[in-house]
Amino acid sequence: MPLELITAADALLVHSSGGKDSLVMLDQVATWAHQVGCTDKIVVVHCDLGDTSEWPGVRDLAERQAARYGLRFIAIDSEDGLLGLVEKRGRFPDAARRLCTSSLKRDKANVLLTSIVTALGLDRQAVVINCLGIRSSESPARARKLPLAIDTRTSNRNRLVITWHPVLEWSETDVWERIATEGLEYHPAYDALMPRLSCVFCVLAGYTVLVRAVRLCWALGLPLPEKYTELEARIGHRFKDQYSLADVVVEAAKVEADEGPLKWRCGDAIRAHLGEDAAADYALRYFALAT
Ligand code: SF4
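Here the structure is a predicted model, which means the values were calculated and not measured. (Residues numbered from 1 in each chain as written. Predicted model: local features only at pLDDT ≥ 70, side-chain atom pairs only at ≥ 80, totals over all residues. Heavy atoms only, no water.)

### Some thoughts on the pairing of strand β6 (residues 159-164)
Here β6 lies mainly inside the structure; five of its six residues are buried. Two strands pair when backbone bridges link them, and strand β4 (residues 126-131) and β6 are joined in this way by six bridges, in the parallel orientation. Bridging from a neighbouring strand, Cys 131 pairs with Trp 164 of β6. Sheet topology note: the strand β5 (residues 148-150)/β6 ladder contains three bridges and is antiparallel. For Ala 149, the partnering residue across the bridge sits in β6 and is Thr 163. (Buried < 20%, exposed > 50% of the residue type's maximum accessible area, 1.4 Å probe, protein only. Helix = DSSP H or I, 4+ residues; strand = E, 2+ residues; numbered from the N terminus. Pairing = 2+ DSSP bridges.)

Here's what the structure looks like:
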C-alpha cells in the first residue's frame with residue numbers, strides 16, 4: 001500500500017548512493033508521492049564519501065537525479081571516506097565487520113533524521129520512512145530483509161522510524177528496463193561494466209570487479225590504485241584475507257597487456273542488459289529529456 005504509506009508519513013528520507021538501484025527506487029517513490037501530492041515530504045539524502053572513495057561525479061549526479069523530480073536534496077560529507085577510516089583503524093573493513101557502512105553512512109544519516117524530526121515541530125510521535133534501494137537478489141543477507149519493518153534501534157518517543165525497501169523484489173533486468181524506458185541518468189561507470197556504483201574499491205566486491213575497477217582508474221587517470229596499495233603496505237593489513245589490492249593491481253596489469261586499455265561507449269550498460277535497440281531508444285529518450 002505505497003500510496004497509503006506515503007500519505008501517512010510525516011517525512012520520507014530517500015537514501016541515494018547515485019547508483020542504479022537508488023535511482024529506480026527514487027523514480028518509483030517520487031512517482032507515488034506525486035500521485036498523492038506528497039513530494040514535499042521527501043528529502044533525498046546522499047552520503048558523500050569523497051573522491052578517494054568514489055568514482056568522480058557521484059554527488060553531482062545524485063543531486064541531478066533528485067532535481068528531476070524537484071525534490072529537496074541533502075548531501076552529508078563523510079570527512080576522509082573509506083581511505084580515512086582505514087587509516088584511522090589500521091585495517092580494512094570486511095563483510096563480517098562492515099564498519100564502513102555504519103560509520104560512513106548510517107550513523108551520519110541518523111543525525112540528519114533527528115534534525116528533520118525536530119524541524120517538523122510535532123507535538124506527537126513523528127512517522128518517518130527511511131527508503132532504501134536494496135534488492136533481494138543482491139545477496140543472501142538482503143534476501144532475508146523484509147519490504148517494510150519498524151526500525152526499533154532508531155525509533156524513540158519522538159519518532160517512529162520505518163524502513164522501506166520499495167524495490168526489494170526487482171531483478172537487475174527490471175532496474176535497467178526502468179532506467180531505459182524513463183530515460184533516467186545513470187553514472188558512466190556502469191557503461192564501463194562496473195556492476196555497482198559503490199566505493200571504487202568496495203570491500204565486498206569480487207576479484208574480477210576489483211581488477212576492472214583498477215583498469216577503470218587507469219583509463220580515467222585516477223591515482224586510487226597507488227593510494228590504496230600504499231596504504232595497504234603502510235598499515236600492514238591486506239584489503240582482503242584471500243588477496244591484497246597489490247595482487248589485484250598486478251592482475252589488472254596482466255589483463256591490460258593482453259587486452260589493451262579499457263574502452264566503453266555511452267549506453268553500453270543498457271546494451272549489455274537489454275540489447276542494442278534498447279540502447280538506441282535510451283539515447284533518444286535521454287537526450288530528448290536533457291535538452
Ligand atoms: S561501498 Fe563497500 S566499501 Fe564502501 S562503504 Fe559500502 S560496503 Fe563499505
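### Quick word on the packing of aromatic side chains
Within this structure, the stated rule accounts for eight aromatic pairs. By way of ring pairs, the aromatic residues Trp 176, Tyr 186, Tyr 190 and Tyr 282 are connected into one cluster. (Phe/Tyr/Trp six-rings, centres within 6.5 Å; stacked < 30°, edge-to-face > 60°.)

### Topic: the sheet that holds strand β3 (residues 72-77)
Spatially, the six strands line up as an open sheet ordered β3-β2-β1-β4-β6-β5, and their pairing is mixed. Only two strands of the sheet have a single partner each, and these edge strands are β3 and β5. Ignoring strand direction, the axes of neighbouring strands in this sheet form an average angle of 25°. Of the strand pairs in this sheet, strand β2 (residues 42-48) and β3 are connected by six bridges, and their pairing is parallel. Bridging from a neighbouring strand, Val 43 pairs with Arg 72 of β3. Most of the contacts of helix α2 (residues 20-35) go to strand β1 (residues 11-15), to which it runs at about 160°, and overall it touches β1, β2, β4 and β6. (Axes fitted to C-alpha atoms, helices over the stretch in contact; angles between N-to-C directions. Contact = heavy atoms within 4.5 Å.)

### Concerning the packing of helix α9 (residues 224-235) against helix α10 (residues 245-259)
Helix-helix packing is characterised by the crossing angle of the two axes and by the distance between the axes. At their nearest, the axes of α9 and α10 sit 9 Å apart, and the two run at 145° to each other. On α10, the residues that touch Pro 225, Tyr 228, Thr 229 and Glu 232 of α9 are Leu 245, Ala 246 and Val 249. Its residues assigned to classes, the contact of α9 with α10 comprises five nonpolar, one polar and one charged. (Nonpolar A, V, L, I, M, F, W, Y, C, P; charged D, E, K, R; others polar.)

### Details of helix α8 (residues 207-220)
Taking 1.5 Å of rise per residue, the 14 residues of α8 would be expected to cover 20 Å, and the 20 Å separating its terminal C-alpha atoms lies within 8% of that figure. Those residues of α8 that fall on the buried side of the exposure criterion are Leu 210, Val 211, Ala 213, Val 214, Arg 215, Leu 216 and Cys 217. In the segment just after α8, Gly 221 is the residue with positive phi, at about 70°. (Expected span 1.5 Å × (residues − 1).)

### Here we look at the UniProt feature "domain: Phosphoadenosine phosphosulphate reductase" (unreviewed entry) in the protein chain
Mapped onto this numbering, the UniProt entry annotates "domain: Phosphoadenosine phosphosulphate reductase" (unreviewed entry) at residues 13-202. Across residues 13-202, the secondary structure splits into 38% helix and 16% strand, with the terminal C-alpha atoms separated by 24 Å. (UniProt positions renumbered as here; feature names shortened; annotations may be inferred.)

### Quick word on the site of the ligand
Around the ligand lies a shell formed by Leu 82, Arg 98, Cys 100, Thr 101, Lys 105, Ser 198, Cys 199, Cys 202, Val 203 and Leu 204. Counting residues per element, the shell around the ligand draws most heavily on helix α5 (residues 99-120), which supplies three residues. Class assignment for the residues of the shell around the ligand results in six nonpolar, two polar and two charged. Lining the shell around the ligand are residues from two domains, each supplying at least three of them: domain 1 (2-164) and domain 2 (186-290). (Near = heavy atom within 4 Å. Domains from an automatic or database assignment.)

### Brief notes about the domain arrangement of the protein chain
Interface size, as often reported, equals the accessible area lost upon joining of the parts. Entries for the protein chain in the domain assignment read domain 1 (2-164) and domain 2 (186-290). Computed over C-alpha atoms, the centres of domain 1 and domain 2 are 24 Å apart. Of the roughly 2,500 Å² buried between domain 1 and domain 2, counting both surfaces, carbon and sulfur atoms make up 70%. Per-residue buried area on domain 1 facing domain 2 is highest for Trp 55, Leu 83 and Phe 92; these three make up 34% of the total on that side. Run the count over domain 1 and domain 2 and you get two salt bridges. One salt bridge in this structure joins Arg 196 and Glu 138, with 3.9 Å as the shortest N-O distance. Our enumeration of links across domain 1 and domain 2 arrives at seven residue pairs in polar contact (both at pLDDT 80 or more). Counting residues per element, the side of domain 1 that touches domain 2 draws most heavily on helix α4 (residues 81-89), at four residues. (Buried area = accessible area lost by both parts, 1.4 Å probe. Salt bridge = Lys/Arg side-chain N within 4 Å of Asp/Glu carboxyl O. Polar contact = N/O pair within 3.5 Å; in protein donor to acceptor, adjacent residues only side chain to side chain.)

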